[in-house]
Amino acid sequence: MSSGSLPKGSVIRDPGYPTASENYLTNSKGALSWIFTLDHKRIGVMYLIGVTVSFAFAGLLALLIRLHLFLPEGMIFKGAEANNYYNQVFTLHGAVMVFLFIIPSIPAALGNFLVPVMLGAKDVAFPRLNLTSFYLWCIGAIFFIAALFSTGLDTGWTFYTPYSTTTDTSVIAATMGAFILGFSSIFTGLNFIVTINTMRPPGMTWFRMPLFLWATYSTSIIQVLATPVLGITLLLLIAERTMHIGIFDPEFNGDPVTYQHFFWFYSHPAVYIMILPAFGVISDLISVHSHKRIFGYRFIAYSSIAIALLGFLVWGHHMFTAGMSPLTTIIFSALTFTVSVPSAIKVFNWIATMYKGSISLTTPMCFAIAFIFLFTIGGLTGLHLGTLATDQHLHDTYFVVAHFHYVMVGGTLIAFLGGVFHWWPKLFGKMYSEWGGRLAAVIIFIGFNLTFLPQFVLGSRGMPRRYATYDPEFAFLHQMSTYGALTLGIGLVIALVVLLASLVRGKRAPANPWGGATLEWHCTSPPPFYNFERAPVVGDPYDFSNVEWDQENERYVSTEPERKLAPEESPKSVPAHADGGH
Amino acid sequence: MMLMNLPKAFSLLGDYSEPYAWFPESASSFSEINDSLYYWITITCMVFFVPIVIALFYFAVKYNKPKGTKAESNVAHNTVLEVTWSIVPSFFLVGMFIFGAKAFLEMRDVPDGANEINVQAFKWGWTIDYGSGVFHPELHILKDEPVKLSMRSTDVIHSLYIPAFRAKKDIVPGRYNYMWFKPTVASEKVSDEELAAAIKQTKDLGESWNFDEHQFTPDGYRFYDLYCAEYCGTNHSEMQTVVVVHETLEDLNAWIKQYSKRDASVPPAEYGEKLYKNRGCAGCHSIDGTKRVGPSFAELYGRPEEMITGDKINADENYIRESILYPKAQVVAGYQPVMPSYKGQLSDDDIYSLIEYMKTLAKDGGAAK
Ligand code: HEM
Ligand SMILES: [Cu+2]
């Protein structure tokens, strides 16, 4: 204990370390104990492995894309089929990143593990549904892989008609995959809504919930409300392709723009499925590693819900050049700007949280800082695209590619990494190399900017996206971007190595390595099977006043006032109502 | 080498002669308003971004404390501050919205008397209709005259994008979409020697015209790029053409006249070769035997072709004619039915000329049937 920091008359509360039979990772053994597990923590870990593998796969495809674009005439894919290969690779890269990685990453992998623990509950409301949603995710992934190995997929992840109803690639397998993944997403969302509504322990009021839970809750609302629209759209697309019913294909009197409306009605809110959980992670990271109460808690909580609802009204901004009526176009532009206000305010809140804090520049904090930097760029460049006139020039160029990578990669992926590093000790009970983690964060940050900053210039200069070859005047910027992607790749590999190495050689993690005040830091690392021995004492999740650093054991502990035991002797007179009669 | 180019890469000067400019050259009446809006938004963003980043890194360093130190302050909120930083940015947002919408309305509002040009987009090329039977893949227009493009697509969604004009519009099959612009800078003509040298080089190499290398058209005009911006399949990135802005109407008319029907003195095969290059055939059919989206024309004439139905058909005049007018009626095995129909776009004489041209590509010059 750092000398003298323990306030007088208080005792230390520290759960210590779990035994093998308490630890959720070791309390039962064998593959079957994982395959049929109903434990939300194990399901979370399985999701974590699944999304990481998907990310690695789609990341390798990204590298292929970037290497190909190193030369104007294309460097990797050659010959008569070169363009087709390129088209399939960028489609699969986008589709896998979006459907298999980024949508489930934070909500399903981290959320599954954390929601019940942060809530002080034993599990989610419907453990079986939870396991089902994981297996649906697996089946969806198999459909994607099947599409890849049959005839590929070359529609872009947006499946725009009539291209998708006429191309001879595996559109049906891929859309079936996305359809099934939709169910997985709906089930997860439903589960969280019910869990958060009904399973909060006594004392856990709405405004005592960590912001990560608010974020998960609003994400779940979107998942449940928007995903069915995607499901219906994809079914209609399959029906159109096989039966030519004439909804989307002009050859049968359909209208392709209708498809775009349907698609973006889901996919724009889906962008918030990707980013809202990231907001939640960052709010918690900033606060814990600054050891300071989060600034504007209520605003952050409400604005998550506001973004979730407003997010349903702005889908038309993906179609500013599609030839909608000018009035419709203008209305969508106006609505689009309304969403930027709550997002901007969150950034101010995070910075205000750091002000006069006690900041530890740990790996998660480095990622959180990188997040604020990158997400701000992503958000601000959205203004160029929301402004109607400039969007006419920038739409479908690399400016858009840069913008959404700043939001999805610079935002969500970085938050996901920050979250993984933050909760890693809790997940697996091991500490990783701080030095290695920070190195990874810095290389990722540099590599990311080198990859995507030049793309803003490319787009402004008129380089269209989804081009397999391009005019030579764009070569230099493309090459910078490719060098950046290689750097970024190295950073990500370092991060992975640091984490995996910790499993083998890492020190045992204490219950509370960072000094967090939310409930997950009150149980052992890793948590016991039932998370808490008895219902935890719920306090303010952002009150760090009784979290103390224990120098000797390198951990944080909570202190609580020493409770005076009741006097030993029994009361002299029995209360009147207690004696059960006269 | 990379570092030397760096300052140029971020140069803010939008100049066409400058290969590392922030914007392409600015050549339409929309460019100026668009660019100034862009700069204005960017500067506004910087006004917010720079202080945010300074605060971010400054706080991270300044308040970096040893573990266990308590935060200096624990203020949970500050209403005045929060209201201010919600409202102040909103003013800028309203400004962006209004100016953006105004400029946009102008881009949708075609001025009276604009010259109307019909554009047809197909996988993977463009056909511009100059009236009285003249079709050409290049867009030739007149300086300072507003042009309205009426656009249609024969297959999937395309998007016509001219970066130098800051103008783009999707072309949705089953609809007519329109756009307009007024070019303000005429394309120069290169010197005759330069043009002759380039033509000779192209001939010697036996390749098709390399726009990227020469940066002028086979008629000797400098040009602006015209791209397809909506992903449309295999050769999306090759669906490019050029825009030439003529200084005077006479010049434009003279150019168009060159491509009016075949002059009696021109042999059909020679004219057929022009059509092959100008009407989008070259995008999908090679003349050197390589397999592209469609079968090669090399040694096609007179060859027995196997159809997807399993039938074998001799590629004679009738078959070729049918393939041009009704491409989906008989599809060669191993290919997709993606070719657009040229019905109503090529005259009988045009088709005759194309067939004569294909005969010259046949093994024996088309002598045998
Ligand atoms: C790891 C670094 C990454 C690199 C270097 C990279 C690079 C690229 C490139 C070059 C394209 C093609 C752009 C075009 O031609 O239009 C692309 C498209 C895309 N990327 Fe990434 N990307 C990366 C990570 C991600 C991540 C993490 C996500 C999402 C979570 C993502 C989502 C997408 C999407 C949705 C598309 C659009 C695909 C389409 O047009 O159909 N990317 N990316
Ligand atoms: Cu196209």
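Residues numbered from 1 in each chain as written. Chains lettered and ligands numbered in written order. Predicted model: local features only at pLDDT ≥ 70, side-chain atom pairs only at ≥ 80, totals over all residues. Heavy atoms only, no water.

**Section: the overall build of chain B**
Right, on to step 1. Of the regular secondary structure elements, chain B holds 10 helices and 12 strands.
Right, on to step 2. Against the globule reference of 21 Å for 369 residues, chain B gives a C-alpha radius of gyration of 27 Å, more extended than a compact globule.
Right, on to step 3. Expressed as lengths along the three principal axes of its C-alpha atoms, the size of chain B is roughly 95 × 50 × 45 Å.
Right, on to step 4. Of all intrachain contacts in chain B linking residues separated by at least 6 positions in sequence, the fraction that spans at least 24 positions is 60%.
Right, on to step 5. Taking the average place of the 36 positive charges on the side chains of chain B and the average place of its 48 negative ones, the gap between the two points comes to 6 Å. (Helix = DSSP H or I, 4+ residues; strand = E, 2+ residues; numbered from the N terminus. Rg over C-alpha atoms; globule rule 2.2 N^0.38 Å. Contact = heavy atoms within 4.5 Å. Lys, Arg positive; Asp, Glu negative; His and termini not counted. Charge placed at Lys NZ, Arg CZ, Asp CG, Glu CD.)

**Regarding the overall build of chain A**
Right, on to step 1. Per the secondary structure count, chain A includes 15 helices and five strands.
Right, on to step 2. Relative to its 582 residues, chain A shows a buried fraction of 65%.
Right, on to step 3. Residue pairs at least 24 apart in sequence account for 81% of intrachain contacts in chain A once pairs closer than 6 positions are excluded.
Right, on to step 4. Surface accessibility of chain A: about 20100 Å² in total, with carbon and sulfur atoms responsible for 68%.
Right, on to step 5. Of the side chains in chain A, 31 bear a positive and 31 a negative charge, and the two mean positions are spaced by 8 Å. (Buried < 20%, exposed > 50% of the residue type's maximum accessible area, 1.4 Å probe, protein only. Areas by Shrake-Rupley, 256 points an atom, 1.4 Å probe, with all protein chains shown as cover.)

**Observations concerning the sheet that holds strand β1 (residues 115-122) of chain B**
Residue and element names in this part refer to chain B.
Right, on to step 1. Ordered in space as β3-β2-β1-β5-β8, the five strands form an open sheet in which the pairing is mixed. With partners counted over all chains shown, the strands left at the sheet margins are β3 (135-136) and β8 (177-181), one partner each.
Right, on to step 2. Looking at chain direction, β1 and strand β5 (residues 147-153) are connected through seven bridges and run parallel. Paired with Val119 across the two strands is Met151, which belongs to β5. (Pairing = 2+ DSSP bridges.)

**Here we look at the packing of helix α3 (residues 82-119) of chain A against helix α7 (residues 211-243) of chain A**
All names here are of chain A.
Right, on to step 1. It is the contact of α3 with α7, at a shortest axis distance of 10 Å, that shows an interaxial angle of 135°. As judged from the angle between their axes, α3 and α7 are oblique. Between α3 and α7 lies a crossing of left-handed hand. Residues Phe99, Ile106, Pro107, Leu110, Gly111, Leu114, Val115, Met118 and Leu119 of α3 form the contact with α7, whose own contacting residues are Phe212, Leu213, Thr216, Thr219 and Leu230.
Right, on to step 2. When its residues are assigned to classes, the contact of α3 with α7 shows 11 nonpolar, three polar and no charged. (Axes fitted to C-alpha atoms, helices over the stretch in contact; angles between N-to-C directions. Parallel < 35°, antiparallel > 145°, perpendicular 65-115°, else oblique. Left-handed = near helix turned anticlockwise from the far one by under 90°. Nonpolar A, V, L, I, M, F, W, Y, C, P; charged D, E, K, R; others polar.)

**Comments concerning the sheet that holds strand β4 (residues 547-550) of chain A**
Residue and element names in this part refer to chain A.
Right, on to step 1. Reading across from one edge, β1-β5-β4 is the order of the three strands in this open sheet, with antiparallel pairing throughout. Both edges of this open sheet fall to β1 (10-13) and β4, since each of them pairs with a single strand only. Each strand of the sheet is rotated relative to its neighbour by a mean of 45°, with strand direction disregarded.
Right, on to step 2. Where β1 meets strand β5 (residues 555-561), four bridges bridge the pair, whose relative direction is antiparallel. Pairing of Ser10 across the sheet is with Pro561, part of β5.

**A closer look at the UniProt feature "domain: Cytochrome oxidase subunit I profile" (unreviewed entry) in chain A**
Right, on to step 1. The feature "domain: Cytochrome oxidase subunit I profile" (unreviewed entry), as annotated in UniProt, sits at residues 28-539 of chain A in this numbering.
Right, on to step 2. In the segment residues 28-539 of chain A, helix accounts for 70% and strand for 1%; the C-alpha atoms at its two ends are 32 Å apart. (UniProt positions renumbered as here; feature names shortened; annotations may be inferred.)

**Regarding the domain arrangement of chain B**
Residues and elements named next belong to chain B.
Right, on to step 1. When its domains are assigned, chain B resolves into domain 1 (115-260) and domain 2 (268-361).
Right, on to step 2. Centre-to-centre separation of domain 1 and domain 2, based on C-alpha positions: 23 Å.
Right, on to step 3. The interface of domain 1 with domain 2 comprises 14 residues on the first partner and 14 residues on the second.
Right, on to step 4. Overall, the association of domain 1 and domain 2 removes approximately 1100 Å² of surface from exposure, summing both partners, and the carbon and sulfur fraction of that is 53%.
Right, on to step 5. For the interface between domain 1 and domain 2, the tally reads zero salt bridges.
Right, on to step 6. Inspection of the region where domain 1 meets domain 2 yields zero residue pairs in polar contact (both at pLDDT 80 or more). (Domains from an automatic or database assignment. Buried area = accessible area lost by both parts, 1.4 Å probe. Salt bridge = Lys/Arg side-chain N within 4 Å of Asp/Glu carboxyl O. Polar contact = N/O pair within 3.5 Å; in protein donor to acceptor, adjacent residues only side chain to side chain.)

**A word on unusual backbone geometry**
Right, on to step 1. The omega angle of the peptide bond from Thr161 of chain A to Pro162 of chain A is -5°, so this bond is cis rather than trans.
Right, on to step 2. Between Ser525 of chain A and the following residue, Pro526 of chain A, the backbone shows a cis peptide bond with an omega angle of -15°.
Right, on to step 3. One non-glycine residue with positive phi stands out, namely Glu299 of chain B, at about 55°.
Right, on to step 4. Mapped onto the secondary structure, Glu299 of chain B falls in the loop between α8 (281-284) and β11 (304-306).
Right, on to step 5. With relative accessibility at 40%, the residue Glu299 of chain B sits in the partly exposed group.

**Thoughts on the site of ligand 1**
All names here are of chain A.
Right, on to step 1. Of all residues adjacent to ligand 1, which total 24 residues, the nearest are His93, Ile102, Trp157, His405 and Arg466.
Right, on to step 2. A distance of 3.0 Å separates an oxygen atom of ligand 1 from a polar atom in the backbone of Trp157.
Right, on to step 3. Take Arg465: an N or O atom from its side chain is 3.2 Å from an oxygen atom of ligand 1.
Right, on to step 4. Considering each element in turn, the shell around ligand 1 owes the most residues, seven residues, to α3. (Near = heavy atom within 4 Å.)

**Comments concerning the nonpolar core**
Right, on to step 1. Counting 252 residues, the largest nonpolar core has Leu139, Phe165 and Phe181 of chain B as its most contacted members.
Right, on to step 2. Broken down by element, this core gets its largest block of residues, 24 residues, from α3 of chain A.
Right, on to step 3. Among all residues touching Phe181 of chain B, those that are not within four sequence positions of it are Phe30, Leu139, Ile141, Glu145, Pro146, Val147, Leu149, Ile162, Phe165 and Ala167 of chain B.
Right, on to step 4. Judged by nonpolar contacts, the second largest core, of 25 residues, contains Phe122, Cys281, Met307 and Tyr335 of chain B. (Core = buried A, V, L, I, M, F, W, Y, C linked by side-chain atoms within 4.5 Å.)

**Side note on the pairing of β5 of chain A**
Residues and elements named next belong to chain A.
Right, on to step 1. Taken across its seven residues, β5 has six buried, putting it largely inside the fold.
Right, on to step 2. Note: β4 against β5, four bridges, orientation antiparallel. Bridging across to β5, Trp549 finds its partner in Tyr556.
Right, on to step 3. Between β4 and β5, which pair antiparallel in sequence order, lie four residues; one of them, Glu554, sits at a positive phi of approximately 50°.

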